[in-house]
Amino acid sequence: MTQNLKDCFPVIRTREEVMRCIREDKHLRKTFNEWKIQEQEEFLDICTGVHGAKMLYDGFFKEVMNPEYAPGRLNDFLSLVLEKQIRVMKVLPNDSARLTDESSLLIMDIVVEFEDGGIANIEVQKLGYMFPGQRSACYSADLLLRQYKRLRDEKKKKFSYRDIQTVYTIVLFEKSPKEFQENPDSCCHRVEHRADTGIRLDIPQKFVYLSLDNFKKKQHNEGEKIHNKLEAWLTFFSRDEPDMILKLIKQYPEFKPMYEDVYELCRNVEEVMQVFSKELLEMDRNTVKLMIDEMEEELQKKREMLKEQNQKIGEQGWKIKENDRKIKEKDQKIEEKDRKIEEQNQAIVKQEQQMLKLDAELKQSKREMAGLVQRITELEKILMEK
């Protein structure tokens, strides 16, 4: 049976207390009344523990994971993701050039420096961008160049490429791009450069992609189990059902203080309403972006279909021309045969005319011979009588 989180987190307010705060402040009341009924209920469920807080909300994520406030949490998470012990030393200014629509759709985008000098760019995307590989490569190259320039300026003539440390790009997707959805059984993708010959080159660019939607589906299919600490973190980021939250903090009690931080924030109704309003705005932007991406993908498919159709039309046109040429050749051959037949017919007619003429001459000769024979017969009779 689904439990109310207030039983575990007494700091959570009741629905009546939250509504009283909203009614007593005209600005909060105005904001609340501008929301749809469904959005109002979702907000109240989060504040009162009927439903878990969504840890990927901008305000909640930063409250829990900001390394300036709680560096140990980010250290633990990144150590599991990178499969080695790391320690965040400081947050670096994020000077990377971001497209306007990208910055509005990122929940968190921070750059940190590790104890060993390595750099990591950690970002959370509500909706995965198209071309994730190309995009990550561009920002990784930007970070690598920033590190190179900084070290070169600091060490001057003592600088060596040996000083360059690994640059990590770590991306959490709430909704993964299609490339990752095509492999639904995997939720953690670690990518690095490798030579096909087996030689080892220290190329200081590595990438980790975490598909939270794939993880959520996979976990549900496996009976809602949490097998290890990394899965505990992924559960923390992707699951907001009270039963799963209670299961998580029972199996890994170190997550309970993180939820306490969030529910302490929820006691400030004004601040949490700002978090929720910002999230609703980002959801609208995400919807628009998704529609644009889908339209662009559909348009690209139509372009490819049109190109294929034009190619087929071109091939058919060539075949038609070839058939026309063959038909023309056949027509010419037929005309040549007709001409020869006509010549033969004319020769036959001429021969028939000659035969008729010869036949007439032969009949005339026969008549003349008959007359001659008769004349000879008559002469013989005369001679006999004398």
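Structure's up top.
Residues numbered from 1 in each chain as written. Predicted model: local features only at pLDDT ≥ 70, side-chain atom pairs only at ≥ 80, totals over all residues. Heavy atoms only, no water.

Visitor: I'm lost on the pattern of salt bridges in this one. Help?
Guide: Side chains that differ in charge, positive against negative, can pair when their charged atoms come close. A complete count under the given rule lists 24 salt bridges for this structure. In this structure, Asp240 and Lys54 form a salt bridge, with 2.6 Å as the shortest nitrogen-oxygen distance. Here Asp240, found in the loop between helix 10 (229-238) and helix 11 (242-251), pairs with Lys54, found in the loop between helix 3 (37-48) and helix 4 (58-65); they are 186 residues apart in sequence, far enough to count as distant. The class for Asp240 is buried, based on a relative accessible area of 9%. For Arg87, the salt bridge goes to Glu115, with nearest N and O atoms at 3.5 Å. (Salt bridge = Lys/Arg side-chain N within 4 Å of Asp/Glu carboxyl O. Helix = DSSP H or I, 4+ residues; strand = E, 2+ residues; numbered from the N terminus. Buried < 20%, exposed > 50% of the residue type's maximum accessible area, 1.4 Å probe, protein only.)

Visitor: Would you take a moment to explain the pairing of strand 3 (residues 119-125) for this structure?
Guide: In summary, the side chains of a regular strand alternate between the two faces of the sheet. Of all seven residues making up strand 3, seven are buried, and the element is well covered by its neighbours. Burial along strand 3 is two-sided: Ile119, Asn121, Glu123 and Gln125 and Ala120, Ile122 and Val124, pointing in opposite directions, are all buried. In this sheet, strand 4 (residues 167-173) lies alongside strand 3 in parallel orientation, the contact comprising seven bridges. In the sheet register, Ile119 faces strand 4, and the bridge partner there is Val167. (Pairing = 2+ DSSP bridges.)

Visitor: What should I look at first to understand the state of the cysteines in this one?
Guide: As used in these notes, a disulfide is a covalent bond between sulfur atoms, one from each of two cysteines. For the structure shown, the criterion picks out zero disulfides. Among the cysteines around Cys21, which has no disulfide bond, Cys47 carries the closest sulfur, lying 9.6 Å off. (Disulfide = S-S within 2.5 Å.)

Visitor: Teacher, can you tell me more about the packing of helix 5 (residues 71-82) against helix 10 here?
Guide: The relative placement of two packed helices is expressed as an angle between their axes plus a distance between the axes. The N-to-C vectors of helix 5 and helix 10 enclose an angle of 120°; their axes lie 9 Å apart at closest approach. One way to sum up the angle between helix 5 and helix 10 is to call them oblique. Seen from above, helix 5 lies across helix 10 with left-handed handedness. Seen from helix 5, the contacting residues are Arg73, Asp76, Phe77, Leu80 and Val81; seen from helix 10, they are Lys229, Leu230, Trp233 and Phe237. (Axes fitted to C-alpha atoms, helices over the stretch in contact; angles between N-to-C directions. Parallel < 35°, antiparallel > 145°, perpendicular 65-115°, else oblique. Left-handed = near helix turned anticlockwise from the far one by under 90°. Contact = heavy atoms within 4.5 Å.)

Visitor: Which parts of the structure should I look at to understand the side chain of Gln147?
Guide: Within the secondary structure, Gln147 sits in helix 7 (residues 132-155). At a separation of 2.9 Å, a polar atom in the side chain of Gln147 contacts the main-chain amide nitrogen of Gln165. Among residues more than four places away in sequence, those in contact with Gln147 are Gly117, Ile119, Asp163, Ile164, Gln165 and Val167. (Polar contact = N/O pair within 3.5 Å; in protein donor to acceptor, adjacent residues only side chain to side chain.)

Visitor: How should I be thinking about the environment of Arg87 in this particular structure?
Guide: Tracing the backbone shows Arg87 in the loop between helix 5 and strand 1 (88-92). For Arg87, a relative accessible area of 45% translates into the label partly exposed. Sequence separation between Arg87 and Val112 is 25 residues; the distance between their C-alpha atoms is 9.8 Å. Beyond its immediate chain neighbours, meaning those up to four positions away, Arg87 contacts Asn75, Glu113, Phe114 and Glu115.

Visitor: Would you mind going over the packing of helix 9 (residues 212-221) against helix 10 with me for this structure?
Guide: Following both chains from N to C, one finds helix 9 and helix 10 inclined at 105°, their axes separated by 10 Å at the closest point. By the angle between their axes, helix 9 is roughly perpendicular relative to helix 10. Counted together, Leu212, Phe215, Lys216 and Gln219 of helix 9 and Glu231, Leu234, Thr235, Phe237 and Ser238 of helix 10 form the full contact between these two elements. Of the residues contributing to the contact of helix 9 with helix 10, the split by class is four nonpolar, three polar and two charged. (Nonpolar A, V, L, I, M, F, W, Y, C, P; charged D, E, K, R; others polar.)

Visitor: Help me out: how do you make sense of helix 5 in this one?
Guide: Structural remark: α-helix, 3.6 residues per turn; residues separated by three or four positions point the same way. With twelve residues, helix 5 should reach 16 Å at 1.5 Å per residue; the first-to-last C-alpha distance of 16 Å fits that figure. Of all the residues in helix 5, the buried ones are Arg73, Leu74, Asn75, Phe77, Leu78, Ser79, Val81 and Leu82. (Expected span 1.5 Å × (residues − 1).)

Visitor: It is not clear to me how unusual backbone geometry should be interpreted in this structure. Could you clarify?
Guide: Among all residues save glycine, negative phi is the norm, and among peptide bonds the norm is trans. Notably, Glu83 is not glycine yet its phi reads approximately 60°, a positive angle. As for its position among the elements, Glu83 is in the loop between helix 5 and strand 1. The backbone of Glu224 shows a phi angle near 60°, a positive value even though the residue is not glycine. Position of Glu224 relative to the elements: it lies in the loop between helix 9 and helix 10.

Visitor: What am I meant to see in the packing of aromatic side chains here?
Guide: The relation between two aromatic rings is expressed through the spacing of the ring centres and the mutual angle of the planes. Following the criterion strictly, the structure yields 25 aromatic pairs and no others. Between the aromatic rings of Phe77 and Phe237, the centroid separation amounts to 5.2 Å while the plane-to-plane angle is 80°, which identifies the pairing as edge-to-face. Residue Phe77 is located in helix 5, and its partner Phe237 is located in helix 10; the two are separated by 160 residues in the primary sequence. When the centroid spacing of 6.2 Å and the interplanar angle of 5° are considered together, the rings of Phe173 and Tyr209 count as stacked. Pair noted here: Phe173 is in strand 4 and Tyr209 is in strand 6 (residues 205-211), with a separation of 36 residues, a long-range link. Taking relative accessible area as the criterion, Phe173 reaches 1% and is therefore assigned buried. An aromatic cluster is present here, built from Phe9, Phe61, Phe77, Trp233, Phe236, Phe237, Tyr252, Phe255, Tyr259 and Tyr263 joined pairwise through their rings. Sitting over the face of the ring of Phe9, Lys256 holds its NZ or CZ atom 5.9 Å from the ring centroid. (Phe/Tyr/Trp six-rings, centres within 6.5 Å; stacked < 30°, edge-to-face > 60°. Lys NZ or Arg CZ within 6 Å of the ring centre and 35° of its normal.)

Functional significance is not addressed by these values, which are geometric in nature.
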